[in-house]
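Single-letter residue listing:
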Amino acid sequence: MSENFQQAKRVVLDYYDALDGAGEKEIEEVLRAHTAEGYHWRGMHPFNEIAGAEEVAERFHIPLRQSFAPIQRRPDVFLAGANTRGEVGDTWVCQMGHLLGLFDQPWLDIPPTRKMCFIRYAEFHRVEDGQIAETAFFTDIISVMRQAGHYPLPPQTGSSHIYPGPRTHDGLLFDAQDPAEGKATMALVDRMIDDLIWANEVGNARGENIMPRSVLAECWHEDMIWSGSEGIGAAYTIDRYQQQHQHPFRVNLSEKTFNGHVARFAEGNYACFFGWPNLTVTADGGFMGLPGSGMPADMRVVDVYRCDGDKLAENWVFLDLLNWLNMQGLDPLARMRQLLGIEEFRSGDAEGLAWIRPESPGSVGGE
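Attention in this report is confined to the structure presented alongside it. Please read these numbers as outputs of a predicted model, since none were measured by experiment.

**So, the sheet that holds strand 3 (residues 72-82)**
Strand order in this open sheet of six strands is 2-1-6-5-4-3, and the pairing throughout is mixed. Unpaired on one side and paired on the other, strand 2 (48-51) and strand 3 mark the two borders of the sheet. Each strand axis lies, on average, 15 degrees off the axis of its neighbour in the sheet, ignoring direction. Sitting on the sheet, helix 1 (residues 2-21) touches strand 3, strand 4 (91-102), strand 5 (116-128) and strand 6 (131-139), and the angle it makes with strand 3 is about 155 degrees. In the packing of helix 2 (residues 27-34) onto the sheet, contacts are made with strand 1 (35-43) and strand 6, and the angle to strand 1 comes to roughly 115 degrees.

**A look at the packing of aromatic side chains**
On inspection of all chains with the given rule, the structure shows 20 aromatic pairs. Both rings, one in Phe60 and one in Phe137, keep their centres 5.0 Å apart while their planes meet at 55 degrees; by these two values the pair is tilted. In this pair, Phe60 sits in helix 3 (residues 53-68) while Phe137 sits in strand 6, placing the two residues 77 residues apart along the sequence. With respect to class, Phe60 is no different from Phe137; both count as buried. Summarising the aromatic geometry, the rings of Phe249 and Phe287 are spaced 5.8 Å apart at their centres and angled 85 degrees between planes, so their arrangement reads as edge-to-face. With Phe249 in helix 7 (residues 238-252) and Phe287 in the loop between strand 12 (279-283) and strand 13 (296-299), this residue pair connects regions lying 38 residues apart in the sequence. Each member of the pair, Phe249 together with Phe287, is buried. Through pairs of rings, three or more aromatic residues link up here, namely Trp41, Phe47, Phe60, Phe68, Phe103, Trp107, Tyr121 and Phe137. Cation over ring: Arg73 sits above Tyr16, and NZ or CZ is 3.8 Å from the ring centre. Its end group placed over the ring of Trp276, Arg300 keeps NZ or CZ at 4.0 Å from the ring centre.

**Regarding the packing of helix 2 against helix 3**
At a minimum axis distance of 9 Å, the contact between helix 2 and helix 3 shows a crossing angle of 135 degrees. Between helix 2 and helix 3, the angle is such that the two are oblique. By crossing handedness, the relation of helix 2 to helix 3 is classed as right-handed. Contacts between helix 2 and helix 3 involve Ile27, Glu28, Leu31 and Arg32 from the former and Ala53, Glu54, Val56, Ala57, His61, Ile62 and Arg65 from the latter. Grouping the constituent residues of the contact of helix 2 with helix 3 by class yields six nonpolar, one polar and four charged.

**Observations concerning the sheet that holds strand 12**
In space, the three strands of this open sheet follow the order 9-12-13, with antiparallel pairing throughout. What marks the edges here is a single partner per strand, and that holds for strand 9 (253-258) and strand 13. Here the average twist between neighbouring strands, direction ignored, is 25 degrees. Pairing analysis gives four bridges linking strand 12 to strand 13, with the strands arranged antiparallel.

**Digging into the nonpolar core**
Core analysis: the largest hydrophobic core is formed by 85 residues, its most contacted members being Leu31, Trp107, Ile110, Trp220, Met299 and Trp324. Sorting elements by how many residues they give to this core places helix 1 first, with eight residues. Core analysis: the next-biggest nonpolar cluster, separate from the first, contains 21 residues, Met96, Ala136, Val302 and Val304 among them.

**Details of the side chain of His61**
Mapped onto the elements of the fold, His61 is located in helix 3. According to the relative accessible area criterion, His61 is buried, its value standing at 8%. When neighbours within four sequence positions are excluded, His61 is seen to be in contact with Tyr15, Leu19, Ile27, Leu31, Trp41 and Val56.

**Focus on unusual backbone geometry**
For the bond from His45 to Pro46, the omega torsion is 15 degrees, close enough to zero to count as cis. Positionally, Pro46 belongs in the loop between strand 1 and strand 2. With omega at -10 degrees, the peptide bond leading from Ala69 into Pro70 counts as cis. Take Pro70: it is sitting in the loop between helix 3 and strand 3. Unusually for a residue other than glycine, Asp109 sits at a positive phi of about 70 degrees. Topologically, Asp109 is positioned in the loop between strand 4 and strand 5. On the accessibility criterion, Asp109 (37% relative accessible area) is partly exposed. Even without being a glycine, Thr237 presents a positive backbone phi close to 85 degrees.

Rules behind the numbers
Residues numbered from 1 in each chain as written. Predicted model: local features only at pLDDT ≥ 70, side-chain atom pairs only at ≥ 80, totals over all residues. Heavy atoms only, no water. Pairing = 2+ DSSP bridges. Helix = DSSP H or I, 4+ residues; strand = E, 2+ residues; numbered from the N terminus. Axes fitted to C-alpha atoms, helices over the stretch in contact; angles between N-to-C directions. Contact = heavy atoms within 4.5 Å. Phe/Tyr/Trp six-rings, centres within 6.5 Å; stacked < 30°, edge-to-face > 60°. Buried < 20%, exposed > 50% of the residue type's maximum accessible area, 1.4 Å probe, protein only. Lys NZ or Arg CZ within 6 Å of the ring centre and 35° of its normal. Parallel < 35°, antiparallel > 145°, perpendicular 65-115°, else oblique. Left-handed = near helix turned anticlockwise from the far one by under 90°. Nonpolar A, V, L, I, M, F, W, Y, C, P; charged D, E, K, R; others polar. Core = buried A, V, L, I, M, F, W, Y, C linked by side-chain atoms within 4.5 Å.

Listed below in structure tokens is the structure:
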């Protein structure tokens, strides 16, 4: 099995070498050469799901390259493993880090800065028969908006900065790892996830949403680092993590339903997963400083972990907040375009409405 992981890593590294070295007109050819027939790509809103190499190149990779050229890949974590969820046993590869580029052209209508921009990413590839059959690319679009001076949300509870990689600088697992270590890491992450599922069930049933600190301390180091998506931010130590993310998440969101993961795997002392979606929750008001919607909405989430001994030490999280907010009727990208004057606010065709003036002007109030 370790040999399969090494082969899969080589497939992905060859793909990255070809993609990063390709000219704009060569990107589609690179994707065709390295992906399987029926290639399935997932990305954060507004990209969502795309089928086939040609569409992925045209709708995602080429516009990204046009906006941020030249792009420099700066990975911090790289691992492979056998899926323990979904299609059990499939081989997956994950790379996480930053793409660095000069933000010289608009991207998703975000105005360019003509300065360097760090684009957080975590990318999952399912490798089959020497080709990439499936990809999930998660990035932090709201972080790009912040770097461009167009942050669309209330002040966040955590810290906002360019997130560093592992404290131990050992996250690039190019060489084969001890299978026993990966098994132990996966068991620890599974245990932590089971605690969260249990907490969701208790909260849904009894309204008791504050998770005891002692429960976290069973799986997490005291000086844990949790690096969340822009809009939430990063936290250091168990106590600050609870104050700056977990308590607001647990108390201000209700009806939490765990939908499972598409992929969950570990290698060495690193583990990762993603779901599509992982969770469905209802915003009651207060989370991220926003009012409640009362509407169930999906959370697509990536988690990447570093284990230190028998506890978790670091966690990098990507949450598709744009999709979650869109499901509740809030489109931060559209609001940005309206504020910039490149889009008018419209809600249907007012001229086509069958509007009738009331007989008595005082019989109807309001605007």
